[in-house]
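Coordinate analysis (summary)
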Amino acid sequence: MASGKARNKQRSSGSSYTSTATTIVFVALCVLGVWMLTSNSVIPPQTTSRTTTTSDESTSAATADFSSANKNSQPIELTDKKVSEAFEDNPGQLPDEAIKSDDTTQLKETNGNENPTQLKETNDNERSQMEREIHVAESNNQESEKDSRDERKNDEESVPRKPGSGVEENPQGLQGKVSVEEQEKQKERANQVSEESSLTQTQQEERRMNNQESNEKQQIQEEMQMNDQRQKQEEAQKQEHHQQKGQHGLEEGTSHDQIEHDEAVPLLSSNKNDNHRSQAKPSPRRTKTGSSETQNSNDQHESHSKIDNKKEEKPTQLNPDGSLLGGESSGIPKESKESKKSWSTQADQSENQKERRKNGPDDQDGSIYGYTWQLCNVTAGTDYIPCLDNEKALKKLRTTRHFEHRERHCPEEAPTCLVPLPDGYKRPIEWPTSRDKIWYHNVPHTKLAEVKGHQNWVKVTGEFLSFPGGGTQFIHGALHYIDFIEEAVPDIAWGKRTRVILDVGCGVASFGGFLFERDVLAMSLAPKDEHEAQVQFALERGIPAISAVMGSQRLPFPSRVFDIVHCARCRVPWHEEGGRLLLELNRVLRPGGYFVWSATPVYQTLEEDVEIWKEMSALTKSMCWELVTIKKDKLNSVGAAIYHKPTSNECYDQRKQNATPMCKSDDDPNAAWYVALQSCMHRVPEGEVERGSRWPQNWPQRLQTPPYWLNKSQMGIYGKPAPDDFARDNEHWGRMVSKTYLSGLGISWDNVRNVMDMRAVYGGFAAALKDLKVWVMNVVNIDSPDTLPIIYERGLFGIYHDWCESFSTYPRSYDLLHADHLFSKLKKRCKIEPVMAEIDRIVRPGGKLIVRDESSTIGEVENLLKSLHWEVHLTFSKNQEGILSAQKSEWRPDSYAASS
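So, here's what we can say about the structure. Keep in mind the model is a prediction, meaning the values are calculated, not measured.

The rules behind the values
Residues numbered from 1 in each chain as written. Predicted model: local features only at pLDDT ≥ 70, side-chain atom pairs only at ≥ 80, totals over all residues. Heavy atoms only, no water. Phe/Tyr/Trp six-rings, centres within 6.5 Å; stacked < 30°, edge-to-face > 60°. Buried < 20%, exposed > 50% of the residue type's maximum accessible area, 1.4 Å probe, protein only. Helix = DSSP H or I, 4+ residues; strand = E, 2+ residues; numbered from the N terminus. Lys NZ or Arg CZ within 6 Å of the ring centre and 35° of its normal. Disulfide = S-S within 2.5 Å. Salt bridge = Lys/Arg side-chain N within 4 Å of Asp/Glu carboxyl O. 1 Å grid on protein atoms, 1.4 Å probe; cavity = no way out; pocket = protein on both sides within 12 Å on 5 of 7 lines; lining within 4 Å. Points joined across faces, edges and corners; volume = space filled by probe spheres on them. Nonpolar A, V, L, I, M, F, W, Y, C, P; charged D, E, K, R; others polar. Pairing = 2+ DSSP bridges. Axes fitted to C-alpha atoms, helices over the stretch in contact; angles between N-to-C directions. Contact = heavy atoms within 4.5 Å.

With that settled, consider the packing of aromatic side chains. Counted under the stated rule, the structure contains 24 aromatic pairs. With a centroid separation of 4.5 Å and an interplanar angle of 55°, the aromatic rings of Tyr 371 and Trp 373 are classed as tilted. Judged by relative accessible area, which is 28%, Tyr 371 ranks as partly exposed. Under the relative-accessibility criterion, Trp 373 is labelled buried at 5%. Residues Phe 595 and Trp 625 carry aromatic rings whose centres are separated by 5.5 Å and whose planes lie at 50° to one another, so their mutual orientation is tilted. Here the residue Phe 595 occupies a position in strand S8 (residues 589–598), and Trp 625 occupies one in the loop between helix H21 (607–622) and strand S9 (626–633), the gap between them amounting to 30 residues. Residue Trp 625 is classed as buried on the basis of its relative accessible area of 5%. Sitting over the ring of Trp 699, Arg 499 keeps its end group 3.6 Å from the ring centre.

Moving on, we get to the state of the cysteines. The term disulfide refers to a covalent linkage connecting the sulfur atoms of a pair of cysteines. One pass over the full model with this rule turns up six disulfides. Between the sulfur atoms of Cys 387 and its disulfide mate Cys 410 the distance is 1.9 Å. In this structure the cystine formed by Cys 387 and Cys 410 twists about its S-S bond by roughly 110°; its chirality is therefore right-handed. Taken together, the residues span a long stretch of sequence, with Cys 387 in the loop between helix H13 (346–349) and helix H14 (391–394) and Cys 410 in the loop between H14 and strand S1 (437–439) at a distance of 23 residues. Judged on exposure class, the residue Cys 387 and its partner Cys 410 are both buried. Looking at the chain, its bonded cysteines, counted consecutively from the start of the sequence, adopt the pairing 1-4, 2-3, 5-6, 7-8, 9-10, 11-12.

A separate point is the pattern of salt bridges. Per the stated rule, a full pass over the model turns up 28 salt bridges. For Asp 653, the salt bridge identified is with Arg 683, shortest N-O distance 3.2 Å. With a gap of 30 residues between them, Asp 653 in helix H22 (residues 650–654) and Arg 683 in the loop between H22 and helix H23 (701–704) connect regions that are remote in the sequence. Looking at Asp 653, the relative accessible area reads 52%, which means it is exposed. Residue Glu 860 is joined to Lys 827 by a salt bridge in which the shortest nitrogen-to-oxygen separation is 2.9 Å. With Glu 860 in helix H29 (residues 855–867) and Lys 827 in the loop between helix H27 (823–826) and helix H28 (832–842), this residue pair connects regions lying 33 residues apart in the sequence. Assessed through its relative accessible area of 24%, Lys 827 is described here as partly exposed.

This paragraph deals with empty space enclosed by the protein. Under the criterion given, the structure shown has 14 cavities of 30 Å³ or more. Put simply, the largest cavity is a space of about 290 Å³. Arg 408, Ala 548, Arg 554, Pro 556 and Ser 808 are the residues nearest the centre of the largest cavity, which is lined by 20 residues in total. At the level of secondary structure, the elements contributing two or more residues to the lining of the largest cavity comprise strand S6 (545–547) and strand S13 (798–801). Grouping the constituent residues of the lining of the largest cavity by class yields twelve nonpolar, four polar and four charged.

What follows is about the pairing of strand S5 (residues 521–526). Put simply, side chains in a regular strand alternate between the two faces of the sheet. Of all six residues making up S5, six are buried, and the element is well covered by its neighbours. In S5, alternate side chains face the same way, and those of Leu 521, Met 523 and Leu 525 on one face and Ala 522, Ser 524 and Ala 526 on the other are all buried. Direction of pairing for strand S4 (residues 500–504) relative to S5: parallel, over a ladder of five bridges. By the bridge assignment, Val 504 is partnered in S5 with Leu 525.

Moving on, we get to the sheet that holds S6. Sheet architecture is open: seven strands sit in the order S6-S5-S4-S7-S8-S10-S9, paired in mixed fashion. Only two strands of the sheet have a single neighbouring strand rather than two, namely S6 and S9. Mean inter-strand twist for the sheet, computed between neighbouring axes without regard to direction, equals 20°. Here S9 runs beside strand S10 (residues 638–644); their pairing, made up of seven bridges, is antiparallel. When the bridges of S10 are listed, Leu 627 appears paired with Tyr 643. Packed on one face of the sheet, helix H16 (residues 478–488) meets strand S7 (562–568), S8, S9 and S10 and runs near 135° to S9. Where helix H18 (residues 534–541) meets the sheet, it contacts S5 and S6, and its direction lies at approximately 150° from that of S6.

Everything listed here is a matter of coordinates, which is why it stays silent on function.
Encoded structure:
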């Protein structure tokens, strides 16, 4: 207690002494103020001391404003009004944050609004300001005396005191303290100005990047807002409709209306939470590999995740399917659980498929940013296709009679190694120039040029491989040959009636490449290594093709989808084993479609050719295929036989000899994933609403029209009647592509040609790209609803696949991959790391990846991409849904994996 009283006395005496000293200083400063006015000086020196009460951050802001003011020759002064506002209702010293905020605002207002003529104040204003400044200094001194003992020791080191005088200070000591601090601040300002001047170009670049990022963010926000508004309007109408019908007591699960009602509830509820949702601002960020932004990206993502976790701690409302309220911010609805009962999957249909997924989901958290990648140590080298180059499995084959060694034999464990680049690899030549020539070093194979050069397949021309556009049956060019076929059967009508064809034994795919000029899509197909790198040549040229063989298994396509099947010297023994391979073509050929066979048995009279022709004639007759014409091409000295598949079962029922049997009723013609070939035919659908009973509309009308066999009694993938579901999906992707994908993801589409939609539903993404010079391989996963027939009906094409396995294509095949909600579903069955290694394999250096998925999954994918040295252009999250765009670099690891 005694010591406390003594301390109080010391403070009282110190305070009175300070007041006396203040009076003396005040008089001196008044004289100084008069001198300043008479000398036209308008910058009070006290302004600098005012900043000593602020934090370092406010000092920096003030320094920047002072620098700007000096450059414009506009002096800065704190007016009485602004000082009073800063201290109003705040006796004593303000919190640091409040001072920082006020000072920053004050300086900005002064720079922006003050006129130099208004800066000259009267003598009274000068004295008032000086008085306030001294008052602030005194307040600071008094507050420092109340600090802890350690802080007082620090003050004693910086402020001169007399021994044994306690906290008593003289005015000179106070002035000295301010002077020392002012000098330190000036040094800091000088250093900051120097750093700012040296970083001017960097700051300009960052500002430019920020502006671009802001524009992308605004585009995505506008798109999401428009989708939300449309969704709310639709669901509000449905809610009103159901309220009117509510009294009729609809039973759960009895119709699609109940599902629509379930979707409407969360969307209507979300209107009540708009204020809460608006607080969760989306956070796009742009990163560059190797930059400081990339190094901080993990911290940004972790911070974003923490924000999401805080939100999850609050009570949340759930949709009927368990997702968060309003989770589908993109406007595309969640897949309906009830709709799964209406759709079969390829996995269900293909009962004989191999079980290749022995490993379950990864038990780890998936965060493997530091994952170590190695190069694949395999014989195939730069052309490695895991499911076609599985040497271990190929050695165990008992026979290769039916080309089993060219079929898929995937490793039990999907590889996680990376495929090396060929020496001298360059970014591919853009379409349409690529149709005629490619870089030699990208596909450094010359054997085909040596064997087929005289037939104008491919030639070596300096550093290029050139493609004159010829083939075995059309040495003088594919366009002449294409016109020759249409002249033989005008009903073919390229680009109108005929839109999607299958080219078997395609060679280098010049036939399919030139069909683009007739608005026709050709799925070119050939086995690997039968003709060295022929499919790889096709893909490098920008022509769609896959590595597959007519062997012992069905092709990975639905039944009745191709308008034409074409074979030009394709080296397939159609007539053998009861026509088993030709019957597979019959399965995938649309009723009313044509089979164009251009081969030597059609126009040559050698003994072998004559024998084959007889067998083919008997086989096609038993299949009820009508031989429409045999046409001779005098220019190329070849001929073609064109057959027509029946559109009814009348011929089947009237056959006297059933040399080619009909398939059993329980044989599903659409089952195609690892299903053995059947030597039988399926009946032609004849019901008005059965798929295959009618020919699709002409192109391009068929692209936007729901297939006739989709009816309102069938529930669509997203819970609406199937035709409405189709229309909504089509509308959604049209908006998304035009307003976001084409301009808001940092992607240049000029060098995009080969595109893959890794999880297509109705083909809406591919349809939205129809005006670009691209083609899209639509992949329908085997565990997803089987919508691939719808995609073909629209005049697009695609394939069945399981992404737990490798895709049947060469490395560096695609310019862009699109994955919409693929990974979150896929990681329930297999690990993501091998899938990312597969994506890295099939995408070209400089190629792009667009991912739309759950925010947590986006984070996993982003980390894996960064470990692969991909450049992540943009990540964006809202309502636990995210989007990511990235670009592949040319980085490859230095070490090789251990050989298996």
